[in-house]
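Observations on chain architecture
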Amino acid sequence: MEMQNPVNLFQCLDSMQSSVQTTMISEMQRAANVSLNPRGVAKGVAYCFSRWLPSVNWCVVKTGGSGPVTVFSGHRCAEKNKRAIRFVLSNLHRAPFVHDILDSAVIAVPLSCRGRTNAVLVGVERERETRISQVATLKINLLASLLEPASYALDNAVLLQRAVKLSETDGLTELYNSRYLVQRIQKEFKHALRMQQSLSLLFIDLDDFKEVNSRYGHMFGNRLIIEVVQIIRDRSTNNGISARFGGDEFVVLLADTDKETAFSIANSIKDAIGKRRFLSSEGFHCQLTASIGVASMSRTYENGNELLWAADSAMSLVKACGKNGVQFACQESEDVALSREEQTV
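In short, a report on the structure. The structure displayed is predicted, hence computed values, not measured ones.

Attention now moves to the pattern of salt bridges. Taken as a whole and assessed by the stated rule, the structure comprises 11 salt bridges. We note a salt bridge from glutamate 188 to arginine 184, for which the minimum N-O separation is 2.9 Å. You can see glutamate 188 and its partner arginine 184 sitting in helix α7 (residues 178-195), 4 residues apart, about one turn around the helix. The partner of aspartate 271 in a salt bridge is lysine 270, with the nearest N and O atoms 2.9 Å apart. You can call aspartate 271 partly exposed: its relative accessible area is 30%. A single network of salt bridges, built from pairs that share partners, joins Arg114, Arg116 and Asp155.

Right, here's the structure in full:
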């Protein structure tokens, strides 16, 4: 059963009898369980309310955290109603509520379950005459009951997303882990082959990192690792996928990146690490260098594992030649390009 041509929110809520409510809850339950992704769940919620109550602009906004507002669904609505969303997020403890904000009124209903509020449904009236500020508290609670199935679906999706993230990321650096990396390399290799695009890979190893741990201890060694990771992130392109391969080994997978660009990125990372004085906030001013191997996709490699092995081998050659350098992987008749700097003691 659908509500035909609703005139405005006030009239729609007023017409919600028990039989209509049951149908709508059932429809919400189906829409919210279509996806196991939080954005997919939120999209189902926004779709239902936009169809039921078209006189209102709807969006689903993530709660908690810091930084920019994260919109799960309804980006156009959120962009047009930033002021209303900021008001809702700053007054979330009062939700559900309806409130007048200058020339419009806003409705906020949290998606809460198991003691957590993962998101809030925000509706902003399109026309002033809809008078949604006149909606009684009882009607607002009715909207909250309609959201109950979606609240559980969203919470399950968020928990699943967190579990997947934990299985794919390194706990210290929050980079991808080696397990995820190996799978992603294979995927990107096949994609590049199919689309006839470039694909490059950097294998980064910190020189003599064991001495850092021996001198400063593992706790400060971990802090140094985090500083190195920030350098790698800052100098990788938007196409870069960074992972911690081992204790002091990192891999950057560069989609749609040729070997010259990859070599330039590798040198940028190496130079930044060499110039940095690590642990300066702790009063140590530790110096460090890195050896980096670079491999780019060619007919030589049959799969992603071979690309990874080639970059690893190139890195080992840098180590053998004195460390603190960048090395292209040897490929058939291609010349070896080695960039190495003399270290000063």
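Looking now at the pairing of strand β5 (residues 116-125). Counting buried positions along β5 gives 8 out of 10 residues, so the element sits mostly inside the fold. Where strand β1 (residues 56-62) and β5 come together, 7 bridges link them in antiparallel fashion. By the bridge assignment, cysteine 59 is partnered in β5 with valine 122. Two strands pair when backbone bridges link them, and strand β4 (residues 104-113) and β5 are joined in this way by 8 bridges, in the antiparallel orientation.

Cut-offs and rules
- Residues numbered from 1 in each chain as written.
- Predicted model: local features only at pLDDT ≥ 70, side-chain atom pairs only at ≥ 80, totals over all residues.
- Heavy atoms only, no water.
- Salt bridge = Lys/Arg side-chain N within 4 Å of Asp/Glu carboxyl O.
- Helix = DSSP H or I, 4+ residues; strand = E, 2+ residues; numbered from the N terminus.
- Buried < 20%, exposed > 50% of the residue type's maximum accessible area, 1.4 Å probe, protein only.
- Pairing = 2+ DSSP bridges.

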